[in-house]
Amino acid sequence: MAPTLYMIRYSQPVRATLMTIRAIDLDVELKEVNLIEKKQLSSDYTKLNPQHTVPTLVEEDGFTLWDSHAIMAYLVEKYGKDDSLYPKDLRKRAIINQRLHFENGILFPYTMAVIRPIIYEGEKTVPRDKADKVREAYSFLEKFLEGKNWVAGDAVSVADFSIISSITTMDVVVPVDTKTCPNIASWIKRMEKLPYYDENKKGLDQIRQIIEEKLK
């Protein structure tokens with residue numbers, strides 16, 4: 001029996017997790033949790049995940065894990081044919097972990113700060129201070145990518161999956177300036193060519209449509 005992933009496609013962490021699942025060619029049962037209808041707050045779901053977030057992974061034996069960063073690392077270690085996406089080499093893994101913390105501590109909160117008011121509070125513009133924070137985050141990533149094809153070095157990793165989900169969502173409301181961020185622009189194009197990038201694109205198209213409708 002395949003693991004079960006509770007998810008909704010437009011979620012950034014879900015998209016990163018789905019890219020990982022596709023990259024390691026893992027069969028997973030998907031169960032949608034409608035966040036807008038607040039299904040994540042149901043008693044059944046909060047028993048699985050008291051933080052009521054997505055994604056949540058449930059193994060056949062009942063083992064349950066949430067937080068996309070933890071799930072991606074776990075899936076690669078348990079089901080991956082090799083460790084290329086999350087290397088066992090201590091220093092390579094340390095860089096990947098740093099980038100994952102960058103996404104979790106900076107990119108994801110900054111993204112939520114600009115899109116949540118649009119989706120849930122009727123905001124029609126992004127305040128300048130929040131847009132400046134997003135651009136600051138872009139400048140950090142731009143430096144990370146200097147002389148590199150991928151965010152954590154010479155090979156694609158789970159850090160790329162995590163960060164692309166946030167960056168492409170940020171770009172919907174605070175576009176990446178290709179002149180000031182050429183490294184990011186090139187990296188996005190490389191990501192788009194990956195055979196599993198479609199797992200990001202499908203959810204990204206959904207959240208873009210939601211945001212555009214809200215901004216009308």
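Everything discussed here concerns the structure shown above.
Structural notes, computed from the coordinates. (Residues numbered from 1 in each chain as written. Predicted model: local features only at pLDDT ≥ 70, side-chain atom pairs only at ≥ 80, totals over all residues. Heavy atoms only, no water.)

Here's the deal with the overall build of the chain
Worth spelling out the cut-off: Secondary structure counts use DSSP, requiring at least four H or I residues in a row for a helix and at least two E residues in a row for a strand, with both numbered from the N terminus. We compute the radius of gyration from the C-alpha atoms alone; for a globule the expected value is 2.2 Å times N to the 0.38, where N is the number of residues.
When its secondary structure is counted, the chain shows eight helices and four strands. Each helix and strand of the chain, placed in order from N terminus to C terminus, yields the pattern β-α-β-α-β-β-α-α-α-α-α-α. By the compact-globule yardstick of 17 Å for 216 residues, the chain fits well, its C-alpha radius of gyration being 17 Å. In terms of its C-alpha atoms, the chain occupies a principal-axis envelope of roughly 50 × 40 × 25 Å.

Quick look at the pattern of salt bridges
Cut-off, in case you're wondering: Salt bridge, as applied in this entry: a Lys or Arg side-chain nitrogen positioned within 4 Å of an Asp or Glu carboxyl oxygen. Here's how the labels work: a residue is buried when its accessible area is under 20% of the maximum for its type, exposed when over 50%, partly exposed in between, all with a 1.4 Å probe on protein chains only.
Applying the stated criterion across every chain yields a total of 11 salt bridges. Of the charged contacts, one joins Glu77 and Arg93 as a salt bridge, the two residues approaching to 3.2 Å between their closest N and O atoms. Of this pair, Glu77 sits in helix α3 (residues 68-79) while Arg93 sits in helix α4 (residues 90-121), and the two are 16 residues apart along the sequence. For Glu77, a relative accessible area of 44% puts it in the partly exposed group. Connected through shared salt-bridge partners, Arg9, Arg22, Asp198, Glu199 and Lys202 make up one network.

Details of the sheet that holds strand β1 (residues 4-7)
Test applied: Here a strand pair is declared whenever DSSP counts at least two bridges between the two strands. Only the stretch in contact is used when fitting a helix axis, every axis being a line fitted to C-alpha atoms; angles between N-to-C directions are given from 0 to 180 degrees. The contact rule is simple, with two residues in contact once any of their heavy atoms fall within 4.5 Å.
Pairing in this open sheet of four strands is mixed, and the strands run β2-β1-β3-β4 from one edge to the other. The sheet terminates laterally at β2 (29-32) and β4 (64-66), the two strands that pair on one side only. Taking the axes of each pair of neighbouring strands and ignoring which way they run, one obtains an average angle of 20° across the sheet. Of the strand pairs in this sheet, β1 and strand β3 (residues 56-58) are connected by three bridges, and their pairing is antiparallel. Looking at β3, one finds that Leu5 is bridged to Leu57. Where helix α1 (residues 12-23) meets the sheet, it contacts β1 and β2, and its direction lies at approximately 150° from that of β1. On top of the sheet, α3 reaches β3 and β4; it is set at about 125° to β4, its chief contact.

Just distances and angles here, no functional claims.
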